[in-house]
Protein chains: 2
Amino acid sequence: MLKFVSLLLALSFCQGLQHNNIDDYVEAEPVFEASKYGSLWPLPQKVQISEVSFKLTSSSFRIVDAKASSAGPSCSLLQSAYRRYYEYMFGSAKKQWWSKNNRRSDPSDLSELQVWITSPDSECDGYPSVTSDESYELTVNQPVAVLKAPKVWGALHGRIYTRFELNFCPPTLHLFQKSINAAIINDFPRFQHRGILLDSSRHFLPIKVILANLETMAMNKFNVFHWHIVDDQSFPYLSRTFPQLSEQGAYHPYTHVYTPADVKMVIEFARLRGIRVIPEFDTPGHTQSWGKGQKDLLTPCYSGSKPSGSFGPVNPILNTTYDFMAQFFTEISTVFPDGYVHLGGDEVDFTCWKSNPDIQKFMEQQHFGDDYRKLESFYIQKLLDIVTSTKKGYLIWQEVFDNGVKLKPDTVVHVWIGGGSDKEMSSVTAAGYTTILSAPWYLDYISYGQDWQKYYKVEPLNFEGTDEQKKLVIGGEACLWGEYVDATNLTPRLWPRASAVAERLWSAKDVTDIGDAFNRLSLHRCRMVERGIPAEPLFSSYCPHEYKGV
Amino acid sequence: MLKFVSLLLALSFCQGLQHNNIDDYVEAEPVFEASKYGSLWPLPQKVQISEVSFKLTSSSFRIVDAKASSAGPSCSLLQSAYRRYYEYMFGSAKKQWWSKNNRRSDPSDLSELQVWITSPDSECDGYPSVTSDESYELTVNQPVAVLKAPKVWGALHGRIYTRFELNFCPPTLHLFQKSINAAIINDFPRFQHRGILLDSSRHFLPIKVILANLETMAMNKFNVFHWHIVDDQSFPYLSRTFPQLSEQGAYHPYTHVYTPADVKMVIEFARLRGIRVIPEFDTPGHTQSWGKGQKDLLTPCYSGSKPSGSFGPVNPILNTTYDFMAQFFTEISTVFPDGYVHLGGDEVDFTCWKSNPDIQKFMEQQHFGDDYRKLESFYIQKLLDIVTSTKKGYLIWQEVFDNGVKLKPDTVVHVWIGGGSDKEMSSVTAAGYTTILSAPWYLDYISYGQDWQKYYKVEPLNFEGTDEQKKLVIGGEACLWGEYVDATNLTPRLWPRASAVAERLWSAKDVTDIGDAFNRLSLHRCRMVERGIPAEPLFSSYCPHEYKGV
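Residues numbered from 1 in each chain as written. Chains lettered and ligands numbered in written order. Predicted model: local features only at pLDDT ≥ 70, side-chain atom pairs only at ≥ 80, totals over all residues. Heavy atoms only, no water.

Labelled according to an unreviewed UniProt entry, chain A appears under the name Beta-hexosaminidase, originating from Astatotilapia calliptera. Taken from UniProt, the Sequence similarities (unreviewed entry) comment for chain A reads in full: "Belongs to the glycosyl hydrolase 20 family." (UniProt positions renumbered as here; feature names shortened; annotations may be inferred.)

Okay, structure coming up:
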């Protein structure tokens, strides 16, 4: 029997990163020390680490399906994960050509990781969903380690990473040798919905950037990519049904669009990493770019008695609007396999509607008085019925709930307005709706210093409400709006700041030690850097392998 | 005769970038419009642009030495500049293999740029200095354009860029065709010292990152790389005389050091772009990393009557300290060809000195009373004498002046403390010293939105003083301190925010139109992106060629 003690992982931090508390500007910065949890991020629910360690040799180490596993060699999702993780483990050791002929493992080697999907349906060929079982159990012992999970999502979706999170070491110390401590990990997420919002409208994001960030999301156990794909500024989504939307509305009709093949690739790349892709098509506001390619979709604004030439939100009084939306969202429902679509509904400016005489007439007919929120609700209600008919659930920004629109019971209300978001969480859940939180996690706001700590300290259930209400909080999302972000700065601005949100949404509620978080996150960010991701530093320090790009 | 009118450069912005003033957070953002100066950045002192334009064809266009030029084919500085600029012009058109056999130029082509160095000594093989003549005159007319400059620095140091700053166009419009407007430009810098400080101690900066930023500095007409090479956190400079300094003091003795060959490469890469390299070896504070490899260099701190085990600033009371400094700065004087060294001298914490009984005794002997500034000055004075004996001038941070240290008349005082920097500029220049300004340009401080405008609005001569005093302000530096910056985020954080400082230091005092600056800078940043530099966006928009990295 192994004695499990909370000792340093022998090689998880080795000499540690040098750190120093001298800072010209900020006092009381955390000073790096090795955490007893090494570089584990986000911290698993239960982890026991032994002082016994095993060698890992790239030439002999294998990741294999357990005999009893319900997912075998035909599960390409797992097979491609094995390859990916093997490369992460031994990336720099692939040059061990000299040991190719020496495949016998040392008795002290850990020679195998067996992956065992225990449920009869592995879900290997399915898509992750909000109810996916993401739990897993990892036992590292000699001579084989076993990773047990009911579904592939547990085995795959970042979970296998923890296997390697036990191993991080400046390679100069052990040039051709890696090792791992004996350990038992039992893990599952605290919240089911752990998302990142990227905005490809304010700036077009090349596919390469989106894929790199999906990869990094997986490293941080995020499982939802909220793709804010279009907005006022541009319409890069190439619609098969309405190609003129991107022809006219994208920044450029060829170089700044997402083709159906692009979208498909993003969805499959995400699925292979256990990540859902939820597209947002925000209406009736935030739609300037839609109007360029779709005549009469937007409301003509008036200046006095004449049209001013500019346009406002979607025109809610025309039947053609709803015909368009029905066709458009039917396409969306087939292109995006996830059970949910984000329908936006935020920040509708009523100025243009108020100026338009036809809208005024309609308001009278409908007995809406001067309350344009009723007109907005009228529109949204019809849109929700359309989307429901496509068999999709929906997420909406909080204003739609605030305005009293009738929502399906499975609607997810997305709370984003800072200041009073705790009260909003109370009301939304008191009304019985499921909710996700973004208000404290607008990562496009930047400031000097370690703002990840601010994100880390958020407690999503810190609002007044019953236990039943708290259960309706299914998670949250870090939002990186795109006004000041494009391919040049997106990745270092997002990581590792979003990693703070990742741990808050995954780990147990009582994981709040900011010093320990700093120690683990410093190493976790170096791991991201080593894997080619330009995750920015937390503070003065170094990584064994610095970023190789510019 | 051409009529010179201030018309749109026919192709300099073509359809312009789409822009839109919708922003969720900030009101009154500038809206992009084409500037009459196209994408020129920084704006030349005098520029006349004609409506007449000429075609540019990569197969026929040549950059050649003018017959009367004092710099011929043996001037490798110019020859390598020609190649670089040709690639910038026609980079994406290099694939015009089909036109290789068609070298005859169209009559409407601009076929040649003649570069004419007019002074008998071109300074081709020299190093740029604070007195270098950087002026140039560019005449674009048919069939040849002429670039006249007294020295290579005028022709080269970013000046040839302006030639191409007249040409920026989404390539889809003119796939295989570029063109340029007739123009006359007369240009010279307002300030001689236009610098960027990078900090390779808080985080090690791989050589590749330094070179990419030197290239970008040249695109922005910066001419000083202030290399804050060592500090408390690490000592990456590999000294031939004292190799143990980096062996012990670097983050890593092999992967995180600058070898003599690295330093040489940086200096030559900079020289070829008209950029001076001024290293900073900051003492007596900010020297923790020096102490690791050099025994007895730092002051042992005391806790009561016993050494505490920690160390303070350089020990100013030992002869060995000055022997070490003499040898060290003799090496520095040969390794770095520039006439100046930055000696630091900022932020000396007296706590440790005060705790040390030997220091206390020395204070008594010297009749310094309790004034530790006198001890600091004692040290600095001896250091300045040492550096003077190596035939170098020096820059020092403002505290050295504030503390009344006797300085050589050619000393440059570096003003960095925010709040009251205008008063400091008054006192320093009233005392007759040359000065450079950094206080308003600490670019490591970040905030949401377009903070480049804040940097742009600074007027360096906005302090009380005579005309004679104002003449002593030779320029300024944008500082990017390294606590939160490494290879992952340095470049997008620096550019285009530092470009605002570049124009302030180069262009005429009355170039202050923030809207016009926004329009030109939007295009200038896209040009940097097109050349592979991840310069971040100013606001929602797009570039014809988005950044290709991650």
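There is more to say, and it comes next.
Brief notes about the confidence of the model for chain A
All names here are of chain A. Scored by pLDDT, chain A comes out at a mean of 88, with 87% of its residues at no less than 70. pLDDT under 50 marks residues 1-28. Its contacts with residues more than four places away, or in other chains, come to 93 contacts. Across residues 160-176 the pLDDT falls below 50, and counting only partners more than four positions away or on other chains, this stretch makes 72 contacts in the model. Reported confidences for the modelled complex are a pTM of 0.92 and an ipTM of 0.90. (pLDDT = per-residue confidence, 0-100. Contact = heavy atoms within 4.5 Å.)

Some remarks on the interface of chain A and chain B
Taken residue by residue, the interface counts 62 residues in chain A and 62 residues in chain B. Counting each side, the surface lost to burial between chain A and chain B is near 5500 Å², with a carbon and sulfur contribution of 53%. On the surface where chain A and chain B come into contact, there are four salt bridges. Where the side of chain A that touches chain B is concerned, the elements lending two or more residues are α4 (207-219), α7 (288-293), α16 (490-494) and α18 (514-530) of chain A. (Buried area = accessible area lost by both parts, 1.4 Å probe. Salt bridge = Lys/Arg side-chain N within 4 Å of Asp/Glu carboxyl O. Helix = DSSP H or I, 4+ residues; strand = E, 2+ residues; numbered from the N terminus.)

Here we look at the environment of B:Y254
Residues and elements named next belong to chain B. Here Y254 shows up in the loop between α5 (244-249) and α6 (260-271). The exposure class of Y254 is exposed, given its relative accessible area of 70%. Spatially, the C-alpha atom of Y254 lies 24 Å from that of L197, the residues being 57 residues apart in sequence. (Buried < 20%, exposed > 50% of the residue type's maximum accessible area, 1.4 Å probe, protein only.)

Focus: the packing of aromatic side chains
Within the structure shown, the criterion is met by 66 aromatic pairs over all chains. Consider the rings of B:Y237 and B:F281, whose centres lie 5.3 Å apart with planes at 75 degrees: the pair is edge-to-face. Separated by 44 residues along the polypeptide, B:Y237 in the loop between β8 (224-228) and α5 and B:F281 in the loop between β9 (276-280) and α7 (288-293) bring together distant segments of the chain. Accessibility assignment for this pair places B:Y237 and B:F281 in one class, buried. By the ring-pair criterion, three or more aromatic residues cluster together here, those being A:F235, A:Y237, A:F242, A:F281, A:W290, A:F324, A:F328, A:F329 and A:F336. Sitting over the ring of B:W506, B:K221 keeps its end group 5.7 Å from the ring centre. (Phe/Tyr/Trp six-rings, centres within 6.5 Å; stacked < 30°, edge-to-face > 60°. Lys NZ or Arg CZ within 6 Å of the ring centre and 35° of its normal.)

A short note on the packing of helix α8 (residues 319-335) of chain A against helix α11 (residues 372-389) of chain A
Residues and elements named next belong to chain A. Across the interface, α8 lies against α11 with an axial gap of 9 Å and an inter-helix angle of 35 degrees. Here α8 and α11 pass one another in a crossing that is right-handed. Along its contact with α8, which presents T321, Y322, M325, A326 and F329, the element α11 presents F378, Y379, K382, L383, I386 and V387. Tallied by class, residues from the contact of α8 with α11 come to nine nonpolar, one polar and one charged. (Axes fitted to C-alpha atoms, helices over the stretch in contact; angles between N-to-C directions. Left-handed = near helix turned anticlockwise from the far one by under 90°. Nonpolar A, V, L, I, M, F, W, Y, C, P; charged D, E, K, R; others polar.)

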